[in-house]
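Topology and contacts: notes
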Amino acid sequence: MNAPTLWIIVPILLGVLLLFVNNQRVLSVLGGLFAVGLALIAQFVPLEVAMKLGSYSLKIDSSLIVLGRVLLIQPAEGSLLALIYGAAALWFFGAEASKTATRLVPMGFMIIALMVAAIAVQPFLYAALFIEMAILIAIPMLTTIYTPPGRGVVRFLIYQTLAMPFILVAGWLLAGVEASPGDLALTAQSAAMLGMGFAFLLAIFPLYNWIPLLLEESSPYVVGFLLWIVPTITIIFGAGFLDRYSWLRSSPQLIIALRYIGLLMVVSGGAFAAFQRHLGRIMAYGSIAETGFSLLALSLDFRLGIPILFLLIPARALGLAVWALSLTIIKENVETMRFGAAQGILRITPLAGAGMIVATLSTAAFPLLAGFPARLALWESLSHISLNSALWMAIGIIGLLTSAFRSLAVISMAEEYTSWKPRENRAQIIMLGLGMIGLFILGLFPQTLQFLLADLPLMFEHLGR
Amino acid sequence: MAIPFAWFAVVLLIITSAGLLLVRDWRWSIILLAAQYVGMFVLTLQHWPIGMASVKVVAGWMSAAILGMTRSGLSTEDPREESIWPRGRLFRLFAAVIILLIVSVVTPSVDHIMADAGFAVTNGSLLLIGMGLLHLGITARILPVTVGLMTVLAGFEILYSSVEGSVLVAALLAVINLGLALVGSYLMLASNTQETESL
């Protein structure tokens, strides 16, 4: 047995098998349990260590050779796998409540497996190929064969596909820079290529117009899943570039660029969210700001920034899951998610309304919620470097908070004497309730996940040490 | 393979990529796309052995076949283009000529960056990338978008073959090409749903 088979090939096969199951509940429970199982194995079974199970000896090797190249999952990456599959389990368990299990669970398994392959493949720049394959699998998840695809899906496909050539060429150029570090022209060309590739992949301003479109057209839960997994893995992949190339890591220009881009994402995400009149688009700009926070974390001193980056991951996963599930439930009960149509929806979907507001507040660094500890640490570290940057981050956060309060005002603004008629079913109530409790627990006790996060920086050779 | 063949391939790519921009009948689009992969095969042969280069043309033809078979099953008329898109053939031809000029100018410098891949290889590759991007910029219909993306990828693959000879990369790029064709077909079928319902 080897790790790539267990966490890449098995989930892909599982995803294919689950395509033949049509029952939402069975899919959701099976998918969730398998993902929990994979997360537990990743966390508690050490790689490259022989274990005795009765008369048998079991050892999980860390590598698998495919067509002359290696898929390698290092022992230090166990916690990351546990985090990814643990968060995937959360999304899969919630899939029944959002009625998207038939699409989300099978394809979600394949997408996650390909994303893990992106982290595992050596040389690591081939990751772009696996990410592109995951993007292609995401298309049937985003749009059914019975509804015409919107502009968001097409733009998503185009932008994400264009990222791959840039990153592959950048990877090749970077090897040249390593060989001749004095060649400034080559350095600039490779940095430009890399920047373009990541701008497309991470949907950096102004290449993020597909996100609000997608949230208008597709199921918020499915889009939320993609907005969690794609940027998370891409950021880790990007951090891998910084870890691998010392000239990138030590380049002050790159650090400043990361900071400004991160601030641009946070400020534009917050500002646009504040002025939206569509609940889905607010989530879109919230997720854009989330990516900005991650980029800001990467722009800090790596010993501080990398732990903050990893602290942002669980908050983003849980926050987006609650937000996306809430919006899916709200969408079921209104004609559109525009403010005009969603007015007073709190009386019909009270928990979904509350979930949406709590998740928005968590993204906006509201105290006691999951997003708060990481953003506070980020803000404090940023203020030590540049007070102006900290101020701009605050402006972005104020924008997000404004969007949360505007949404709250709209959904609670029912006509006088309108009675409360909750329409959420039991699965939805349970999942939303657990999700919101989780957001509070992560906010009140951020150390809860330290057993997972503490060793994560070890997956990098140079960053975070 | 001899260099003159490579230049013939570049001429073929100019014809096919410009043709893809100009033709409106989907049958011609598929034929031109398939021919484009022959040109790509010849240019890839400059750096790769015939066995590996064949993967490109086989995957490309399979992709073209997938798109063609799907399109043949749909209603005969193409959905109307949104009016904001420039549609005139003259405009497209003019834009294609501009791309050709830009590519001719930047070929030497890009060839130098890409470890002297060869003028023909770099020229053909950049031409496909440019024409593919132009294609993506002037249409929102699924088939042309898919063809545009496949054209960009074909251009990139030609250039990348000059610096990367990994079997895994060749296999994954072939899978991506086929996947793109399947996704394009899926989206075409989905687009057709509304039209069928409205009939």
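Here is what the cut-offs are and how they apply
- Residues numbered from 1 in each chain as written.
- Chains lettered and ligands numbered in written order.
- Predicted model: local features only at pLDDT ≥ 70, side-chain atom pairs only at ≥ 80, totals over all residues.
- Helix = DSSP H or I, 4+ residues; strand = E, 2+ residues; numbered from the N terminus.
- Buried ≥ 20, exposed ≤ 12 C-beta atoms within 10 Å, placed from the backbone.
- Contact = placed C-beta atoms within 7 Å.
- Rg over C-alpha atoms; globule rule 2.2 N^0.38 Å.
- Domains from an automatic or database assignment.
- Nonpolar A, V, L, I, M, F, W, Y, C, P; charged D, E, K, R; others polar.
- Expected span 1.5 Å × (residues − 1).
- pLDDT = per-residue confidence, 0-100.
- Pairing = 2+ DSSP bridges.
- Core = buried A, V, L, I, M, F, W, Y, C linked by C-beta atoms within 7 Å.
- Axes fitted to C-alpha atoms, helices over the stretch in contact; angles between N-to-C directions.
- Parallel < 35°, antiparallel > 145°, perpendicular 65-115°, else oblique.
- Left-handed = near helix turned anticlockwise from the far one by under 90°.

1. Topic: the overall build of chain B
- Each helix and strand counted, chain B has seven helices and zero strands in total.
- Traced from its N-terminal end to its C-terminal end, chain B shows the element sequence α-α-α-α-α-α-α.
- Residue burial in chain B is summarised as follows: out of 199 residues, 46% are buried.
- Within chain B, contacts between residues at least 6 apart in sequence are counted, and of these 74% link residues at least 24 apart.

2. Section: the overall build of chain A
- A tally of regular secondary structure across chain A gives 19 helices and five strands.
- Relative to a compact globule of 465 residues, whose C-alpha radius of gyration would be 23 Å, chain A shows 21 Å and is just as compact.
- For chain A, the C-alpha atoms occupy an extent of roughly 75 × 60 × 45 Å along the three principal directions.
- A total of 465 residues make up chain A; the buried ones form 58% of that total.

3. Observations concerning the domain arrangement of chain A
Residues and elements named next belong to chain A.
- As assigned here, chain A comprises domain 1 (1-122) and domain 2 (123-459).
- Once you take the C-alpha centre of each, domain 1 and domain 2 turn out to be 23 Å apart.
- With 30 residues of domain 1 in contact, the opposing surface of domain 2 contributes 36 residues.
- Mapped by element, the contributors of at least two residues to the side of domain 1 that touches domain 2 are α3 (78-98), α4 (101-120) and β5 (121-122).
- Broken down by class, the residue content of the side of domain 1 that touches domain 2 amounts to 20 nonpolar, seven polar and three charged.

4. Concerning the environment of A:G292
Residue and element names in this part refer to chain A.
- Relative to the helices and strands, G292 is located in helix α12 (residues 279-298).
- G292 gets classed as buried once you count the C-beta atoms within 10 Å, which come to 25.
- A sequence separation of 33 residues divides G292 from R259, and the C-alpha atoms of the two residues are 8.8 Å apart.

5. Focus on helix α7 (residues 184-201) of chain A
Residue and element names in this part refer to chain A.
- With 18 residues, α7 ought to run about 26 Å at 1.5 Å a step, and its terminal C-alpha atoms sit 26 Å apart, in line with that.
- Buried within α7 are the following residues: S190, A191, M193, L194, G197, F198, F200 and L201.
- Where α7 is buried, its residues contact α5 (127-142), α6 (151-179) and α9 (220-244).
- One or two residues past the end of α7 sits A203, with phi positive at roughly 55°.

6. Focus: the environment of A:M164
Residue and element names in this part refer to chain A.
- Here M164 is to be found in helix α6.
- Take M164: there are 26 C-beta atoms within 10 Å of it, and that puts it in the buried class.
- For the pair formed by M164 and F130, sequence separation is 34 residues and the distance between their alpha carbons is 9.4 Å.
- Those residues in contact with M164 that lie beyond four places of it in its chain are A128, L129 and E132.

7. As for unusual backbone geometry
Residues and elements named next belong to chain A.
- Cis rather than trans, the peptide bond between Q122 and P123 has omega equal to -5°.
- Counting through the fold element by element, P123 comes out in the loop between β5 and α5.
- With an omega of 5°, the peptide bond running from F205 to P206 counts as cis.
- The phi angle at E48 is positive, at roughly 60°, despite the residue not being glycine.
- Summarising the element assignment, E48 is placed in the loop between α2 (24-44) and β1 (51-53).

8. Quick word on the confidence of the model for chain B
- For chain B, the mean per-residue pLDDT works out to 88, and 89% of the residues sit at or above 70.
- Scored by ipTM, the complex comes to 0.92, with pTM at 0.93.

9. Quick look at the pairing of strand β3 (residues 63-66) of chain A
Residues and elements named next belong to chain A.
- With four bridges connecting them, β3 and strand β4 (residues 69-72) associate as antiparallel partners. Following the sheet pairing, L64 is matched in β4 by L71.
- Turn length for the β3-β4 hairpin, with the two strands adjacent in sequence and antiparallel, is two residues, and the turn residue L67 shows positive phi of about 45°.

10. What to know about the pairing of β4(A)
- Two elements, β4(A) and β5(A), share two bridges in a ladder whose sense is antiparallel. Paired with A:V70 across the bridge in β5(A) is A:Q122.

11. Describing the sheet that holds β5(A)
- Here we have three strands laid out as an open sheet, ordered β3-β4-β5 (chain A), and antiparallel in their pairing. Across the chains shown, the open sheet's two edge strands, defined by having one partner strand only, are β3 and β5 of chain A.

12. Topic: the interface of chain B and chain A
- Taken together, the contact between chain B and chain A spans 27 residues of the former and 27 residues of the latter.
- Elements with a minimum of two residues in the side of chain B that touches chain A: α6 (142-161) and α7 (167-198) of chain B.
- Among the elements that take part in the side of chain B that touches chain A, α7(B) stands out by supplying 17 residues, more than any other.
- Residue classes in the side of chain B that touches chain A are distributed as 21 nonpolar, five polar and one charged.

13. What about the nonpolar core?
Residue and element names in this part refer to chain A.
- If you look at the biggest cluster of nonpolar residues, it comprises 249 residues, and the most contacted ones within it are V116 and A118.
- Domain assignment of the residues forming this core places at least three in each of domain 1 (1-122) and domain 2 (123-459).
- Apart from the residues lying within four places of it in its own chain, the contact partners of V116 are W7, I8, L81 and I84.

14. What about α6(B)?
- Spanning 20 residues, α6(B) covers 28 Å between terminal C-alpha atoms, matching the ideal 28 Å at 1.5 Å per step.
- Of all 20 residues in α6(B), 19 are buried, a share of seventy percent or more.

15. Re the packing of α9(A) against α12(A)
Residue and element names in this part refer to chain A.
- For the pair α9 and α12, interaxial distance at closest approach is 11 Å and the crossing angle is 15°. By the angle between their axes, α9 is roughly parallel relative to α12. Here the hand of the crossing between α9 and α12 comes out right-handed. Contacts between α9 and α12 involve P220, L227, P231, I235 and A239 on the former and, on the latter, G280, M283, S287, T291, S294 and L298.
- A class-by-class count of the residues in the contact of α9 with α12 yields seven nonpolar, four polar and no charged.

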